[in-house]
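Close look at the chain arrangement
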Amino acid sequence: MIGRFTIFKVFLNSFFIQSAWSFEKMQGLGFASAIAPAIKDIYKDRDQASAALKRHMVFYNAHPYMASPILGAVIRMEEEVKDGKLDAGNITSFKESLIGPYGAIGDTFFWGSVRPIASVLGVLSALIWGLWGPLVFLVVYNLFHIWMRWFGLHKGYKLGEDVVEYIKTLGLPEQALRIRIIATGLLGIMVAALIFKLFKTGMFGIQPVQIYQLFLITGFITTATILLAILLRKGISVSLAIYLLFLPAIVFLVVMDMLQRVG
Amino acid sequence: MKGVVYQCLLASAAGGLLSLDRTAALQIMVSRPLVASPVIGYILGDIMLGLLIGGVLELLFIGELPIGGYIPPHETMLTVVITAVSLIGQKALGRIDIAVFPNWYLVGFGSADIFFILGFAILIVIPMDIICRKADAAARVFNVRLFNTVLVGLDKGLIKAVGTNNLKGLGVFFALNLLTIFVLTLSGVLLMYILLPLLPRIVVMSLPFAVGAACVTGLSSAYSALYGSRSLTVFLVTTFFTVTLLAAVIR
């Protein structure tokens, strides 16, 4: 059994799993570096430790946070290899089998759901409470992030290869869908808050505001948002979208200027 | 000029460190525009402008996912450069003479001359993403050498080589990020200093619309990133319900 401090060192190292990310080996070096304290603890002999680390010096790539349960499970498996209960080849095949699935789960859950909801909440908070916005964003996001790094590593170490079943019971893809729907609702609230903020600062040049003007502007902004989102989903980049929206502004101003001169 | 270079260096150093969070270390999201921009704003003397830029860019880059080997737009570098160019450029240029603009126009943008500067910064910096991505890719190509060095070291029983070379990767990312941000920020400020006064009045007048365009694109980008089977209904219902509720409360 490795010590608690060693597990803590692996936890800290897991934050640097992408430090030497390369196109060829991706997180290969990072994974070996993260697990190194545990390997040194398990194999007291330097040659055995070097050989074990070399096993991990191969191509590896998964979502950085989802590497934690794998790290924990691999540490448990290395202990079994040392005790002669398991063949070292099993570790390699275990890691390889999870690269694709854990990459996909992590990307969908963390990048595709948790980050957007934290971003929308952060921007909404910034609109209402100013500088508290970034803090709200960081706290919401990192609750999920640190949970996976910490508990994933511990569960992995406790359960070994069975951690795969544990991760399955969490139902992360289903949770991701729910989070995305909540985030869409929050985005709607944010749009409404933004419209009120703009009216309050006199950006639309209308004071006092009539109810129909409020709904007209809301209708205009939501329609523009949805139509542009269709274009973005069709593959145009956000940079191009900005230019596409900006160019009509110049045309509009030229026309207004000409009309004023004629008038 | 000395002051401009010093401020560019300050922004680059902070930006280089913040950019590490994006791939190389931590991933606690301090590299996201909503956090990075206020930090740069604080360093350069206007934290609230940083927050405004950060909010817009956060939504703009919400849907870009670093899946597998794909390198998405470098939102951290772009954020740092846009914020730095806006703030340093504003100080370098002074206030834009709004007296030349017609009255109907000033209703909306009045004395908010930062929107001209910010609009210009967005338009010139966004295409620079190609350079940011190339710098990021260069670090990822270079890091293979570190991997090979570790393999040689392990053959000699040098276990420490694993940790030290992994951390060298951080240094590679930091150096390239810092250098790229410095060059792009300085170029952006110089472009603004030289180009902005030369632009026709009508183009200068249209610059704040670039900020509006970025806002609308940001909302669309966020909606597009969250798109699903019930998105349209949820989005429309919550927007109009909140507007109605806020209108009722205010009345």
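All of these numbers come straight from a predicted model, not from anything done at the bench. (Residues numbered from 1 in each chain as written. Chains lettered and ligands numbered in written order. Predicted model: local features only at pLDDT ≥ 70, side-chain atom pairs only at ≥ 80, totals over all residues.)

**A few points about the overall build of chain A**
Looking only at helices and strands, chain A has 10 helices and 0 strands in total. In terms of overall dimensions, chain A has C-alpha extents of about 90 × 35 × 30 Å along its principal axes. For chain A, the share of sequence-separated contacts (at least 6 apart) that also reach a separation of at least 24 residues comes to 70%. (Helix = DSSP H or I, 4+ residues; strand = E, 2+ residues; numbered from the N terminus. Contact = placed C-beta atoms within 7 Å.)

**Notes on the overall build of chain B**
Each helix and strand in chain B was counted, giving 10 helices and 0 strands. The N-to-C order of helical and strand elements in chain B reads α-α-α-α-α-α-α-α-α-α. Contacts in chain B between residues at least 24 apart in sequence constitute 76% of all its contacts with a sequence separation of at least 6.

**Focus on the interface of chain A and chain B**
How big an interface is tends to be reported as the loss of accessible area on association of its parts. With 83 residues of chain A at the interface, the matching set in chain B holds 78 residues. Where the side of chain A that touches chain B is concerned, the elements lending two or more residues are α2 (28-42), α3 (46-56), α5 (88-129), α6 (132-159), α8 (172-200), α9 (211-233) and α10 (238-262) of chain A. Element by element, the count of residues in the side of chain A that touches chain B is highest for α8(A), at 13 residues.

**Re the domain arrangement of chain A**
Once the domains are mapped, chain A shows domain 1 (4-177) and domain 2 (210-263). Centre-to-centre separation of domain 1 of chain A and domain 2 of chain A, based on C-alpha positions: 44 Å. (Domains from an automatic or database assignment.)

**Points about the nonpolar core**
Soluble, globular proteins show a tendency: their nonpolar side chains are buried together. Counting 157 residues, the largest nonpolar core has Ile35(A), Val81(B) and Ile122(B) as its most contacted members. Split by domain, the residues of this core number at least three in each of domain 1 (4-177) and domain 2 (210-263) of chain A. In this view, Ile35(A) contacts Val10(A), His56(A), Leu71(A), Val74(A) and Ile75(A); residues no more than four positions away in its chain are not counted. (Core = buried A, V, L, I, M, F, W, Y, C linked by C-beta atoms within 7 Å. Buried ≥ 20, exposed ≤ 12 C-beta atoms within 10 Å, placed from the backbone.)

**Quick notes on the confidence of the model for chain B**
All names here are of chain B. Across chain B, the average pLDDT comes to 86, with 90% of residues at 70 or higher. Looking across chain B, the model is least confident in helix α5 (residues 103-109), with a mean pLDDT of 43, and most confident in helix α2 (residues 33-44), with 96. Confidence drops under a pLDDT of 50 for residues 98-112, and excluding neighbours within four residues, the segment shows 13 contacts in the predicted structure. Across the assembled chains, the prediction reports ipTM 0.89 with pTM 0.90. (pLDDT = per-residue confidence, 0-100.)

**So, helix α10 (residues 231-250) of chain B**
A turn of α-helix holds 3.6 residues, and therefore any two residues three or four places apart point the same way. Look at α10(B): 28 Å from first C-alpha to last across 20 residues, which is about the 28 Å you get at 1.5 Å a residue. Within the span of α10(B), buried status applies to Ser231(B), Val234(B), Phe235(B), Thr239(B), Thr242(B) and Val243(B). All buried residues of α10(B) project into a common sector of 145° when viewed along the axis, lining one side. Set apart from the buried face of α10(B) by more than 90 degrees, the exposed residues are Thr233(B), Leu245(B) and Ala248(B). Lining the buried residues of α10(B) we find α8 and α9 of chain A together with α9 (201-225) of chain B. (Expected span 1.5 Å × (residues − 1). Arc of directions from axis to C-beta.)

**Thoughts on the environment of Ile236(A)**
All names here are of chain A. For isoleucine 236, the position within the fold is in the loop between α9 and α10. It is 44 Å that separates the C-alpha atoms of isoleucine 236 and lysine 9, two residues lying 227 residues apart in sequence. Apart from the residues lying within four places of it in its own chain, the contact partners of isoleucine 236 are Leu231 and Ala241.

**Points about unusual backbone geometry**
Phi angles above zero are rare outside glycine, and Met26(A) is one such case at about 50°. Summarising the element assignment, Met26(A) is placed in the loop between α1 (4-14) and α2. You can call Met26(A) buried: it has 22 C-beta atoms within 10 Å. Non-glycine residue Leu26(B) carries a positive phi angle of around 70°. When you line up the elements, Leu26(B) lands in the loop between α1 (2-20) and α2. Look at Leu26(B) and you get partly exposed, because 17 C-beta atoms sit within 10 Å.

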